[in-house]
Amino acid sequence: MATLSAAGLNPRRLVIDHRSITIEGRVLTGVHLGGWVYGPELGTAPVIVIVGGITASPFPFGDGQAGDGQPRAAWWPALCAPDLIDPARHTVLCPCWPGNGSTWDGFDGRGADALSIAGLADLVAAWLDGCGCTTPVTWVGASLGGMVGVAFAARHARRCAKLITISGGLRPDGWGTATRHLQRELVRDGLRNGDVATGMSRARQLGMLTYRGRDELDTRFGTLQPGFDRPPVAEYLDHHGRRFAEQFPVQTFLLLSEAIDRGWIADPREVNAAIQHVSAETLVIGVPGDMLFPWALQVELHRALQAAGADSSLWKLDSVFGHDAFLADQEKLASVLRDAQAFGGALRAAARPRFEGVGVEPVRDIRIGLVGCGTVGQGVLEMIDRQSAAVAERYGVRFRVSRIAVRDLTRDRGARAAGIPIGDRPLELVSDPEVDVVVEVAGGAAMEPILRAALAAGKPVVTANKALLASKLADLGVLAQRTETPLYCEAAAAAAIPIVRHLSHRADEVDSLWGIVNATCNFVMTRLEQGDLTLADAVAEAQRLGFAEAQPDADLDGHDAAAKLSILAYRAFGAWVRPDGFLVRGIRELDPADCDLAESMGCRIRQIARAVRINGALDMAVEPLLLPAWHLLASVEEEYNAVYLRCVSSGDLSLFGKGAGALPTATAILGDLIDLAQDNSVRWPVPRALPVARDGSATAPAPRRHYLRITGQPHPGLERKCEGLVRRHGLTVQNRATRVESDRVHVAFMISASTDTTIAAVTEAVGQLARVEQRLCLGVMD
């Protein structure tokens, strides 16, 4: 490959003076910005900016006519070539670092203002402005120069057409920061002790151990051998330390070293926002053995650029020379640049393929067929729109609703549905090649044919249809397994709480599951506790706030929670029990007085769905229970849900979150879509045959305490008679509370542990007493 001789090149000096400029919020006065230029005059040829590391001079191709009569050696001669950087057809600009050709008032003192990478990038931009450089440039930066180049491409995007960063990175890592801190402390010790040369020398020696690869140092120098006073590497370190101390300005080293560690993005969470401004085509080149700016930092930079939509490619420079490979292995670097056609040269024959590394793949689209576009469906559209950028960055995917099917074509579906084809034939979504996944949020048993057709056709399904799943989940799960098609139903269980996902991916076995899984009931119970509302008033408020359906019977009677418990039990225990196979009680029997009476006894009432493993059976039920006030579930209020698990090995686990509303439900659907995009689906096992525990059987539930409330006309002997009946059945009253109203009295008893059969007999006997108008018995969760 043809090369050019760098020895005879004569750069021209470009000095720009500013009375004052503002850099990183600080005003610098008496600013003198220097640099050098090779090749044609500005404005007559493409511009390449070359910026090296801390110790790099502004003469990458040397200086044949130095003012002191001694030509300056080129430090990047291999890149001076007709098909790489050619000063005959490129204007090559080389800015000077502060203190090494650039300066400002006060810089030479020991209190020089600190700059970050961003500040250095802005100084270069100011120099380019002063030079009259208006053409977008190609930035070639190595080490520190590479980091500054990334900041320049982000902060001055229109000025950077192409960025080539070599052994740089988006940020420093902890090991490199620690090393540079120690180097600066060695120099500062020298300043304090009056022996700057030794401090600079030791700092450089430490640096040389990080610039070179371990294999190279081992091969080149080896270890201390018998008969030697010093290891062979000592002379090498002394030479570089001595030369550095003699030639390099102290304050320049301190400023540039600290600039690397200050980086240019203060908050790591702002990286994406900053990188999104990069419009330059970017080549990221790294050395696997680099200790100073490790290969992982190059991969991180490449990933960040790709995730932000930049045109980035990642290239590997294989070399034993570590960080210094861009200097010590220049011919290999030149070969990589030629393979990448970095400067528009012709690709040589049999060139190596570009190294893609492990960078982020291009964002791919997943097209959604949405069945139902009511409250939840519009919430799905909103979440997809709101989270689009974040999902693309994290998972490399973009969700797009390509078709919608609804029951009523006359209803307005909101602004986000505008422009999306809407029909009333949901089965057409299954056969539509423009639909990758069916998302069903319409609800109802009528959706079964659509879900079956999609699964049979191998089209993934995401559904929130708990009413359908309550009776058909086992069949649909087996169909999904048979056709190897994902079926997701997180939104059908507990809205924003990712309980199905947790149960699907758990490593432990579940012994028991207790949960508040109906937001309507929990909101109503909270309102009964907080005021003098009747049940009907509390339900009306829930409807007004959107936490209850217009027809809330399924919620108030416990059927909604029962459907969810069937789904959760299937995932937790592998057993399919339909809601008609276990006890389901609602909250309609409750009186506001029950909340006051329970509180008097240190408890709160909540509707609880439970599934507990007992001797090879499942104790399953949905019912209102008294919970001790200290219990985690007792503190769950308003429209929130919570699930409490007891696991064999990991002990107690809990999940908490909103259980109602369009957006909480939509987050669960979006989470399922993300799992689908990541191929993160789980088998639906053939249901296991586990009997439901019942009183009187070998797998009867354990006895438990009960709350018994009677309401009747005030009577002096009422409490005594009730307590007598309790004792007659072999039980005892452990606590009691009374609430008196104008024409009736509520008396509540906490009764010792018994079976449900025994307490049912007590409740029946109490109901036969004179003047007793109502009675209510609830279990107590201890």
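I will try to describe carefully the structure that is included in this document. All residue numbers refer to position in the chain's written sequence, counted from 1. Note on the predicted model: pLDDT of at least 70 is required for a residue's local features to be given, and 80 or more for side-chain atom pairs to be given and counted; whole-chain, interface and lining totals, by contrast, use all residues. Remark: hydrogens and water are excluded; side-chain values derive from all non-hydrogen atoms of the structure.

What follows deals with the sheet that holds strand 4 (residues 91-95). Strand-to-strand pairing in sheets goes through backbone hydrogen bonds, with the strands running parallel or antiparallel. Note: two strands are recorded as paired if DSSP finds a minimum of 2 bridges between them. Secondary structure elements follow DSSP: runs of H or I of four or more residues count as helices, runs of E of two or more count as strands, with numbering from the N terminus. Reading across from one edge, 1-2-4-3-5-6-7-8 is the order of the eight strands in this open sheet, with mixed pairing throughout. Bordering the open sheet on either side are strand 1 (12-23) and strand 8 (312-316), each of which pairs with just one other strand. Strand after strand, the sheet turns through a mean of 20° between neighbouring axes, direction not considered. All axes are obtained by fitting lines to C-alpha atoms, using only the stretch in contact for helices, and the reported angles, taken between N-to-C directions, cover 0 to 180 degrees.

Moving on, we get to the packing of aromatic side chains. A ring pair, where both rings are aromatic, is described by two values, the distance of the centres and the angle of the planes. Here a Phe, Tyr or Trp ring, Trp counted by its six-membered ring, pairs with any other such ring whose centre lies within 6.5 Å, and the pair is stacked when the planes are under 30 degrees apart, edge-to-face when over 60, and tilted otherwise. The tally for this structure, following the rule as stated, stands at ten aromatic pairs. Seen in terms of ring centroids, Trp-76 and Phe-326 are 6.2 Å apart; in terms of plane orientation they differ by 75°. Their pairing is edge-to-face. Pair noted here: Trp-76 is in the loop between strand 3 (47-51) and strand 4 and Phe-326 is in helix 10 (residues 325-328), with a separation of 250 residues, a long-range link. Judged by relative accessible area, Trp-76 falls into the buried class, the value being 0%. Each residue's exposure class comes from its accessible area (1.4 Å probe, protein chains only) as a fraction of the maximum for that residue type: buried when under 20%, exposed when over 50%, partly exposed otherwise. Judged by its relative accessible area of 5%, Phe-326 is buried. Among the aromatic residues, those joined into a ring-pair cluster are Trp-75, Trp-76 and Phe-326.

This part is about the pairing of strand 17 (residues 603-614). Across the twelve residues of strand 17, ten count as buried, placing the element largely inside the fold. Sheet analysis places strand 15 (residues 510-516) next to strand 17, joined by four bridges and oriented antiparallel. Its bridge partner lying in strand 17, Gly-515 is registered against Ala-609. Judged from the twelve bridges that link them, strand 17 and strand 18 (residues 617-628) form a sheet pairing that is antiparallel. Each bridged residue has a counterpart across the sheet, and for Val-612 the counterpart in strand 18 is Asp-619. Linking strand 17 back to strand 18 in an antiparallel pair, the connection comprises two residues, with Asn-615 at a positive phi of about 50°.

As a further point, take the nonpolar core. Residues enter a nonpolar core if they are buried and are Ala, Val, Leu, Ile, Met, Phe, Trp, Tyr or Cys, with the set joined through side-chain atoms within 4.5 Å. Ranked by internal contacts, the top residues of the largest apolar core, which has 78 residues, are Leu-120, Trp-139, Leu-144, Phe-253 and Trp-264. The element contributing the most residues to this core is helix 1 (residues 117-131), with eleven residues. Residues within four places of Leu-144 in sequence aside, it is in contact with Gly-52, Gly-53, Ile-54, Trp-97, Ile-117, Leu-120, Leu-256 and Ile-260. Within the second largest apolar cluster, 38 residues are counted, among which are Phe-61, Trp-75, Ala-81 and Ala-325. Contacts are residue-level and defined by heavy atoms, with any inter-residue pair within 4.5 Å sufficient.

What follows deals with the packing of helix 18 (residues 519-530) against helix 19 (residues 535-544). Between helix 18 and helix 19, the least distance of the axes is 9 Å, while the angle of their chain directions is 125°. In terms of orientation, helix 18 and helix 19 fall into the oblique class. Along this stretch, helix 18 crosses helix 19, giving a crossing that reads as right-handed. Contacts between helix 18 and helix 19 involve Phe-523, Val-524, Arg-527 and Leu-528 from the former and Leu-535, Ala-538, Val-539, Glu-541 and Ala-542 from the latter. Each residue gets one of three labels, nonpolar for Ala, Val, Leu, Ile, Met, Phe, Trp, Tyr, Cys and Pro, charged for Asp, Glu, Lys and Arg, and polar for the others, Gly among them. Partitioned by chemical class, the residues of the contact of helix 18 with helix 19 number seven nonpolar, no polar and two charged. Angles below 35 degrees are treated as roughly parallel, those above 145 as roughly antiparallel, those between 65 and 115 as roughly perpendicular, and all remaining angles as oblique. By convention, the crossing between two helices is left-handed when the near helix turns anticlockwise from the far helix through less than a right angle, and right-handed when the turn is clockwise.

What follows covers the pattern of salt bridges. Think of a salt bridge as a Lys or Arg side-chain nitrogen and an Asp or Glu carboxyl oxygen that are within 4 Å of each other. Under the definition given, this model contains 56 salt bridges. The shortest N-O distance in the salt bridge between Arg-367 and Asp-436 comes to 2.9 Å. Taken together, the residues Arg-367 in strand 9 (residues 364-371) and Asp-436 in the loop between helix 14 (427-431) and strand 12 (437-440) connect sequence positions 69 residues apart. Residue Asp-596 pairs with Arg-739 through a salt bridge whose shortest N-O separation is 2.4 Å. Of this pair, Asp-596 sits in helix 22 (residues 592-600) while Arg-739 is found in strand 22 (residues 733-740), placing the two residues 143 residues apart along the sequence. Asp-596 gets classed as partly exposed once you look at its relative accessible area, which sits at 30%. Assessed through its relative accessible area of 24%, Arg-739 is described here as partly exposed. Residues joined by salt bridges that share partners form a network here, namely Asp-591, Asp-596, Arg-739, Glu-741 and Arg-744.

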